[in-house]
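A look at the structure
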Amino acid sequence: MTSRSYAEYEAMFDLSELPDSILDCCAGGSSFTAEAAARGVDAVAVDQAYELPMPELVDTVRRSLPAGAQIVDAHASSFVWNWYGDPTRKDEMRIEAADRFLQDVSLAPDRYVAGTLPELPFEDGRFDLVLCSHLLFTWADTFDRDWHLAALEELVRVSRSEVRIFPLVQQGAGEPVLYLQELLDALQPVRSEIRKVPYEFQVGADQMLVLNHQ
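Some remarks on the overall build of the chain
When helices and strands are tallied, the chain shows 6 helices and 7 strands. Start at the N end of the chain and walk to the C end: the helices and strands fall as α-β-α-β-α-α-β-β-α-β-α-β-β. The C-alpha radius of gyration computed for the chain amounts to 16 Å, which stays within 12% of the reference 17 Å derived for 214 residues, consistent with globular compactness. With respect to the principal axes defined by its C-alpha atoms, the chain has extents near 40 × 40 × 30 Å. Per-residue burial over the chain gives 52% buried out of 214 residues. In the chain, once contacts between residues fewer than 6 apart in sequence are set aside, the share between residues at least 24 apart is 73%.

Written out as structure tokens, the structure reads:
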């Protein structure tokens, strides 16, 4: 249950101005929703973990902080530190994000909705922008092509305008997802674009998928 920061989201999704409403899908312990809400955005996070009792959620977030470092250590040659600078700064950002998330989820629990892809508990077109970080494609070794197609269709369903997904490679060594183009073809007439972003941690993982309603 990764705790990514607002700054990481800005870079991963090439965000400049925020729309009126945003969904962070499978948000984990990210502080993005808390910080977007503080900027006046109707921001909502969804994650299966939000069904946990608060003490268990806190414990899960805290125990998850070192887990990401273990993945990086196991595939050290597949990561670069240009954006973070060094591992210490990344760890500091994640700890700060976890603290902000845990504070906000206790103060504004309505912003944090229990749910998971490929069936989200929101009406059609609920959000201007839908973000999905490190689930689709990242876990292509766990979730197959049919799951990915259903998940993409669901993200499009709950978006009013745009969906952004990052990254487009698998976890660990960063292998490409061989059926990505098949998925994009199957999503017609939804318009798709692969766009370079100002963030790279996994080697070569510097692109996001943008889906727009026609």
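A closer look at the environment of Arg-195
One can find Arg-195 in strand β6 (residues 191–196). The contact partners of Arg-195, leaving out residues within four places of it in the chain, are Asp-14, Arg-164, Asp-206, Gln-207, Met-208 and Val-210. At 3.1 Å, the side chain of Arg-195 and the side chain of Glu-193 are in polar contact.

A few points about the pattern of salt bridges
Note on pairing: side chains with opposite charge can pair once their charged atoms come close. The tally for this structure, following the rule as stated, stands at 16 salt bridges. For Asp-91, the salt bridge is made with Lys-90, and the minimal N-O distance between the two is 3.6 Å. For Asp-91, a relative accessible area of 35% puts it in the partly exposed group. Of the residues examined, Lys-90 reaches a relative accessible area of 5% and is grouped as buried. Measuring nitrogen to oxygen at the nearest pair gives 2.6 Å for the salt bridge that ties Arg-164 to Glu-162. Since its relative accessible area comes to 14%, Glu-162 is described here as buried.

Looking at the sheet that holds strand β2 (residues 42–46)
The mixed open sheet is built from 7 strands, whose spatial order is β3-β2-β1-β4-β5-β7-β6. Unpaired on one side and paired on the other, β3 (112–113) and β6 mark the two borders of the sheet. Examined bridge by bridge, strand β1 (residues 21–25) and β2 share 5 bridges and lie parallel to one another. Paired with Ile-22 across the strands is Ala-43, a residue of β2.

Notes on the nonpolar core
Ranked by size, the top nonpolar core spans 34 residues in total, and within it Leu-23, Leu-117, Leu-136, Leu-155, Ile-165 and Leu-211 carry the most contacts. Of all the elements, helix α5 (residues 145–158) adds the most residues to this core, at 7 residues. Among residues more than four places away in sequence, those in contact with Leu-211 are Leu-152, Val-156, Ser-161, Glu-162, Val-163, Ile-165, Leu-184, Leu-187, Val-190, Arg-191 and Ser-192. Listed in part, the 24 residues of the second largest apolar core include Ala-43, Phe-79, Leu-129 and Val-197.

Digging into the pairing of β2
In terms of burial, β2 is largely enclosed, as 4 of its 5 residues are buried. Between β1 and its parallel partner β2, the chain crosses via helix α2 (residues 32–38), and the hand of that crossover is right-handed. Across 2 bridges, the pairing between β2 and β3 is parallel. Across the sheet, Val-46 pairs through a bridge with Val-113, a residue of β3.

Rules used in this analysis
- Residues numbered from 1 in each chain as written.
- Predicted model: local features only at pLDDT ≥ 70, side-chain atom pairs only at ≥ 80, totals over all residues.
- Heavy atoms only, no water.
- Helix = DSSP H or I, 4+ residues; strand = E, 2+ residues; numbered from the N terminus.
- Rg over C-alpha atoms; globule rule 2.2 N^0.38 Å.
- Buried < 20%, exposed > 50% of the residue type's maximum accessible area, 1.4 Å probe, protein only.
- Contact = heavy atoms within 4.5 Å.
- Polar contact = N/O pair within 3.5 Å; in protein donor to acceptor, adjacent residues only side chain to side chain.
- Salt bridge = Lys/Arg side-chain N within 4 Å of Asp/Glu carboxyl O.
- Pairing = 2+ DSSP bridges.
- Core = buried A, V, L, I, M, F, W, Y, C linked by side-chain atoms within 4.5 Å.
- Right-handed = clockwise from strand over helix to strand, strands pointing away.

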